[in-house]
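# Chain and residue survey
Below, each chain spelled out in residue letters.
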Amino acid sequence: MNMATLATRSADADIGNSFVMRQLRIGSEYFGAGQIDEAISAYRRGLAEIENGPRDCVPADKVAELHSRLGDAGLARGDLELAATNYKAALRLAPDLTSCWCNLGNVYLRRGCPLDAITLYAHALSINPVHWASRANSVQALIATHQYILAQAVLTELMTERPRDAALFNQCGKLHVAMNDPGAALACFQDAVELDPRDFDSLYWIGGLKQKAGEDEAAEAAYARAAQLQPFIRRRANRFPAEFRVLALFAPFAGNTPSDYLFKDAAYDTDTLALFPDVHHDLNLLRGAQVIVNLISDADQANGLLPLAADLADQLGMPVVNDPRKIEQTTRENVVQMLGTIPRCRIPKVLRHGVGAEFSVSLSELGFPVLVRPAGTHGGTDFEKIEGPAELESFLSQRPDADHYVIEYIDYRSADGHFRKYRFMFVGEEILPYHLAIGEEWKVHHDSTDMEHHDWMQREEEAFLNDPAVVFGPEHFRVLQTIQRSIGLDFFGIDCGLDQLGNLVVFEVNASMLVHEENDKFPYKNAFVARIKRAFDKMLRGMATKTA
């Protein structure tokens, strides 16, 4: 090879190297300005030049830096696949890049793989034991895997180093929530807001904790302040681009459909908007969605907000999951009227005792025993079986500020003496089993039963989940289908049983029922819970397609 050829190649390499370095600089400038798409284009141009140019014209560390920066841009855009691919490419060239190991851990955490994320953070810390981001981000992964003591130890160390870091106090609050210590959680969130008055996430948490503590005025103030700072909370899709966007309507002071699991690791973006009376919203900020999911689910608690949700949905003109006007019709007394004439369906009669109403013996017309609970409550709290008029009057006097439902008691005990309560979820046109709770008392809830200690109960539940037809015959499914049509919602649940004559006994029908994935004691449930989420995602996808 002559000197002229060598000189030409050397000049070409210098030109290519210069071009690559320029794209790296341009990409970094765009990234710093928040122009992520432009940054990605610049990084890709630099990598394309390396691939098509002379071999080894750019130092390996600069190629690794390009991949690393492209990974950062992908992560910022929510393109987890682009981020992971480029972080891995960078690490093949430069395996000691601490930030790359850390950011790859962030990708796996976003993908819902916290154990993998912990492994990657640990590797980053093996290279640089004081790497701040790896230590700080590992806390969230440790909380997600229920390693609370270790998470607390890491946080304590970090907060000692940076005692005025609001983000650490926010994370500490979430740790205490997970550890079921609301007092400590509240203190941490308040400290976070004191350090950063614009920390809307901590303000939303303060609102929720104050509300649970019964401090409604303080809760409302925190929610209102948070909503001023950030009207809606965005949860990104687990892929890029997102298939579509959902606008979820939420009422902080009313019952809502539990949505943490339903929206987790979704292929769509989710914007959750908190609704308050007399608060007007900029419709232009909300029009990017294709589907509205109305999470406001309790007709008793939210009777003042449901019309606001309905009006907002009308103005936006998008398909709506669980039309607020239909939710308004799902009070217990209305449900009795809607379902009371369905053959082979037995629904308890209901009387409503209003606030300030005098106790009347007419409340005893259902006969004793009766069941009593405050309106707008669910689960087993403040829900009792009452044996006579004096006991009923005493129970009603304990909550004089609340309406109460007095409900006919139906004995649904099975022939073996156990009580069995079945839950189905109605998702679009599907009717899917969620659980079977078996107990020795009339008030049976899955999380308060002794089922984890009885294999036969678990086998029975698993058999029901595998094939509900082992319990519910064709007539029962016709009843369920009629209930589905009568209620008319897109996503809701039913708790029901069977009486000794084989009638389907309805306990509750509403959109407030919980679907969750915390089934460590009953792992056979996981596949059936996941099926409900898939059906929910499919329903949303179908509705979004109508507006595409």
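See the structure printed just above.
Sequence positions are assigned chain by chain, starting from 1 and proceeding in written order. A pLDDT threshold of at least 70 governs which residues receive local features in this predicted model, and a stricter bar of 80 or more applies before side-chain atom pairs are shown or counted, although totals over entire chains, interfaces and linings include all residues. Each side-chain value is worked out from all heavy atoms of the structure, with water and hydrogens disregarded.

So, about the packing of helix α3 (residues 60-77) against helix α4 (residues 80-93). Note on definitions: angles span 0 to 180 degrees between N-to-C directions of axes, and those axes are lines fitted to C-alpha atoms, for helices only across the stretch in contact. Where helices and strands are cited, they refer to DSSP runs of H or I of at least four residues and of E of at least two residues respectively, numbered from the N terminus. Following both chains from N to C, one finds α3 and α4 inclined at 160°, their axes separated by 7 Å at the closest point. On the basis of the axis angle, α3 is roughly antiparallel to α4. Here the hand of the crossing between α3 and α4 comes out left-handed. Of the residues in α4, those in contact with Ala60, Val63, Ala64, His67, Ser68, Leu70, Gly71, Asp72, Gly74, Leu75 and Arg77 of α3 are Leu80, Leu82, Ala83, Asn86, Tyr87, Ala89, Ala90 and Leu93. For the contact of α3 with α4, the class distribution of residues is 12 nonpolar, 5 polar and 2 charged. Any angle from 65 to 115 degrees is called roughly perpendicular, while one under 35 is roughly parallel, one over 145 is roughly antiparallel, and all others are oblique. Each helix crossing is assigned a hand: it is left-handed if the near helix lies turned anticlockwise from the far helix by less than a right angle, otherwise right-handed if that turn is clockwise. We call two residues in contact when some of their heavy atoms are within 4.5 Å. Amino acid classes used here: Ala, Val, Leu, Ile, Met, Phe, Trp, Tyr, Cys and Pro are nonpolar; Asp, Glu, Lys and Arg are charged; the rest, including Gly, are polar.

Turning to the pattern of salt bridges, a few remarks are in order. What counts as a salt bridge is simple: a side-chain nitrogen of Lys or Arg found within 4 Å of a carboxyl oxygen of Asp or Glu. A full pass over the atoms with the stated rule returns 35 salt bridges. Between Glu161 and Arg135 there is a salt bridge whose closest N-O contact spans 2.4 Å. In this pair, Glu161 is assigned in helix α8 (residues 148-161) and Arg135 in helix α7 (residues 132-144), connecting sequence segments 26 residues apart. Three labels apply to residues, based on accessible area from a 1.4 Å probe with only protein chains included: buried if under 20% of the type maximum, exposed if over 50%, partly exposed otherwise in between. For Arg135, a relative accessible area of 7% translates into the label buried. One network of salt bridges, with partners in common, ties together Arg234, Arg245, Asp269 and Asp271.

Regions of empty space are outlined by a rolling probe, equal in size to a water molecule, passed over the atoms. A cavity here means a set of 1 Å grid points, computed over protein atoms only, where a 1.4 Å probe fits but cannot escape. A pocket is an open set with protein on both sides within 12 Å along at least 5 of 7 lines, and lining residues have an atom within 4 Å of a point. Grid points are joined across faces, edges and corners, and a volume is the space filled by probe spheres set on the points. Put simply, the second largest pocket is a space of about 240 Å³. Every residue lining the second largest pocket is listed: Leu275, Phe276, Asp278, Val279, His280, His281, Leu283, Leu308, Asp311, Leu312 and Gln315. In terms of residues, the lining of the second largest pocket owes the most to one element, helix α14 (residues 306-316), which gives 4 residues. Grouping the constituent residues of the lining of the second largest pocket by class yields 6 nonpolar, 3 polar and 2 charged.

For strand β14 (residues 504-510), a buried count of 6 out of 7 residues is recorded, marking the element as mostly surrounded by other parts of the structure. Should DSSP find at least two bridges between two strands, the strands are taken to pair. Note that strand β6 (residues 345-346) and β14 share 2 bridges and pair parallel. Looking at the pairing, Arg346 lines up with Val505 of β14. Direction of pairing for strand β13 (residues 491-498) relative to β14: antiparallel, over a ladder of 6 bridges. By the bridge assignment, Cys496 is partnered in β14 with Val506.

So, about helix α19 (residues 474-487). One fewer than the residue count of a helix, multiplied by 1.5 Å, yields its expected span. In a regular helix each residue adds 1.5 Å, so 14 residues correspond to 20 Å; α19 covers 20 Å between its end C-alpha atoms and thus fits that length. All of the buried residues in α19 are His476, Val479, Leu480, Ile483, Gln484 and Ile487. Buried positions in α19, seen along its axis, are confined to an arc of 140° and lie on one side of it. What points out from α19, more than 90 degrees from its buried face, is the exposed set Pro474, Arg478 and Arg485. Summarising the contacts, the buried residues of α19 are in contact with α16 (332-339), β6, β11 (419-427), β12 (430-439), β13 and β14. Summarising the geometry, the arc corresponds to the directions from the helix axis toward the C-beta atoms.

Spatially, 5 strands are ordered β1-β3-β2-β4-β5 in an open sheet, and the strand pairing comes out mixed. Of all strands in the sheet, those bounded by a partner on one side alone are β1 (232-235) and β5 (320-321). For strand β2 (residues 245-250) and strand β3 (residues 269-274), the ladder comprises 6 bridges, and the chain directions are parallel. When the bridges of β3 are listed, Ala248 appears paired with Thr272. Docked against the sheet, α14 engages β2, β3, β4 (291-294) and β5, running at close to 175° with respect to β4.

Right, let's get into the sheet that holds β12. Strand order in the open sheet formed by 5 strands is β6-β14-β13-β11-β12, with mixed pairing between adjacent strands. Pairing within the sheet leaves two strands with one partner each, and these edge strands are β6 and β12. Together, β11 and β12 form the strand contacts of helix α18 (residues 455-466), whose direction differs from that of β12 by roughly 165°.

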